[in-house]
Amino acid sequence: MSVATHPLHVHLVTEQVARWSEQSLLEELYLTVKPGLIDKCNNGAHLDMTLAMMEASSHAIAPYFAEMARVSYGKSPSHQLREQLSEIGIEAEREMLHVTGGVNTHKGAIWCLGLLSAAYAIQRGQGTASTLCEVAGKLANVELEVPSTRTNGSTVCKRYGVTGAKGEAQAGFPHVLLGLRTLNTATESFTETKAKQMALLTLMTTLSDTCVLHRAGSKGLSYVKQQAQQVLRGALSMEEVDERFIKNNLSPGGSADLLAASLYVKRLGGKSHGRVSLHV
Ligand SMILES: CC(C)(COP(=O)(O)OP(=O)(O)OC[C@H]1O[C@@H](n2cnc3c(N)ncnc32)[C@H](O)[C@@H]1O)[C@@H](O)C(=O)NCCC(=O)NCCS
Ligand SMILES: Nc1ncnc2c1ncn2[C@@H]1O[C@H](COP(=O)(O)OP(=O)(O)OP(=O)(O)O)[C@@H](O)[C@H]1O
């Protein structure tokens, strides 16, 4: 029996997934200051969420990522596997709603970290950042015959012609790779906190975030992109933009999820994945 098929190795991979998924969610959560989002300083533009609620949610959903990894270990992306992952994802959402008293703290995160956890296990813990995103994308492209439910995301995708969380996954998580490249480049010259903030801002400058579109339409999305550019250029501070987003009820939840996913992929796949120019 080779090392990569040994039951102990399966156990190692699922343990890594449980530990690193929770650490990545908490790393995103604790990054302070983040505009409009929950952080150590304030609850951003959220009246129904707190830091403690997001901590509890991060802890509650981690075992579901481990379960997604367990069922995916050494398999190929298939209809049957995608169905299994969907069931576990729905259970994770249910558990999240249970611990938060019905608040959506991590729906987007369950989706993207879930697919990446499965991709990591499909590759028996051996993937690089690019192969992880590619394999996770293949999984997302396996269509399921599920009754379509109306969500904030599906409503705005139709209205504004964007593809949202599903499209990001189906394209092979281009924003996760962008987040990772930005993190790696910025870490060489800035503090860890600044590097993570730069990655978040970079995502905000390009993402069609359905959380923002739902609350504030395309004008709101353009505003978010423009404000993020201004911070990257040094024309505004994170604190100023945080204040403005709270005042205007803006929260870039999709970018936050993709930052968490970038931090996760950094743990799963190592860090040598190219550079970006930081002059946005
Ligand atoms: C695809 C999902 C995310 C539904 O998304 P939908 O677009 O309908 O919108 P919804 O408003 O419910 O949630 C979307 C969330 O994604 C995040 N998000 C928003 N915009 C983006 C974007 N452009 N890119 C990535 N994430 C985004 C936000 O956090 C947002 O809250 C998902 O909930 C789903 O289908 N779950 C079923 C469980 C499943 O299949 N799991 C299997 C694999 S883990
Ligand atoms: N630090 C964070 N603060 C706030 N949201 C976050 C954070 N990290 C990730 N998110 C993501 O943002 C999403 C929540 O966003 P939001 O509350 O705007 O959406 P909603 O519940 O769908 O709609 P709304 O609150 O507009 O009615 C979650 O799915 C979560 O994955």
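Check the entry above for the structure.
In this text, all values refer to a predicted model and were calculated from it rather than measured experimentally.

(A) Fine view of the overall build of the protein. On a plain count of helices and strands, the protein comes out with 12 helices and zero strands. Secondary structure elements in the protein, listed N-terminal to C-terminal, are α-α-α-α-α-α-α-α-α-α-α-α. The principal-axis extents of the C-alpha atoms in the protein amount to approximately 60 × 45 × 35 Å. A burial count over the protein gives 53% of its 280 residues as buried. Here the contacts in the protein between residues at least 6 apart in sequence split such that 74% fall between residues at least 24 apart. Surface accessibility of the protein: about 12900 Å² in total, with carbon and sulfur atoms responsible for 53%. For the protein, the distance from the average position of its 27 positive side-chain charges to the average position of its 25 negative side-chain charges is 6 Å.

(B) Geometry of the nonpolar core. Membership of the largest hydrophobic core comes to 78 residues, with the highest contact counts inside it found for Leu116 and Phe173. With 11 residues, helix α4 (residues 107-122) is the largest single contributor of residues to this core. Other than its neighbours up to four places away in sequence, Leu116 contacts Leu132, Cys133, Ala136, Phe173, Ala261, Tyr264, Val265 and Leu268. The next biggest cluster of nonpolar side chains, apart from the first, holds six residues, and it includes Leu26, Ile38, Met54 and Val103.

(C) Geometry of a negative patch on the surface. A cluster of like negative charges, contributed by Glu83, Glu87, Glu91 and Glu145, occupies part of the molecular surface. Looking at the element boundaries, Glu91 is found in helix α3 (residues 79-100). A relative accessible area of 39% places Glu91 in the partly exposed class.

(D) Expanded view of the side chain of Asp209. Tracing the backbone through its elements, the reader meets Asp209 in the loop between α9 (192-206) and α10 (210-232). Nearest to the buried, unbridged Asp209 among oppositely charged side chains is Arg215, at 8.9 Å. A distance of 2.9 Å separates the side chain of Asp209 from the backbone nitrogen of Gly254, its partner in a polar contact. Among all residues touching Asp209, those that are not within four sequence positions of it are Leu221, Pro252, Gly253, Gly254 and Ser255.

About the cut-offs
- Residues numbered from 1 in each chain as written.
- Chains lettered and ligands numbered in written order.
- Predicted model: local features only at pLDDT ≥ 70, side-chain atom pairs only at ≥ 80, totals over all residues.
- Heavy atoms only, no water.
- Helix = DSSP H or I, 4+ residues; strand = E, 2+ residues; numbered from the N terminus.
- Buried < 20%, exposed > 50% of the residue type's maximum accessible area, 1.4 Å probe, protein only.
- Contact = heavy atoms within 4.5 Å.
- Areas by Shrake-Rupley, 256 points an atom, 1.4 Å probe, with all protein chains shown as cover.
- Lys, Arg positive; Asp, Glu negative; His and termini not counted.
- Charge placed at Lys NZ, Arg CZ, Asp CG, Glu CD.
- Core = buried A, V, L, I, M, F, W, Y, C linked by side-chain atoms within 4.5 Å.
- Patch = residues over 30% accessible without salt bridge, like charges linked within 9 Å, V, L, I, M, F, W, Y side chains within 5 Å.
- Salt bridge = Lys/Arg side-chain N within 4 Å of Asp/Glu carboxyl O.
- Polar contact = N/O pair within 3.5 Å; in protein donor to acceptor, adjacent residues only side chain to side chain.

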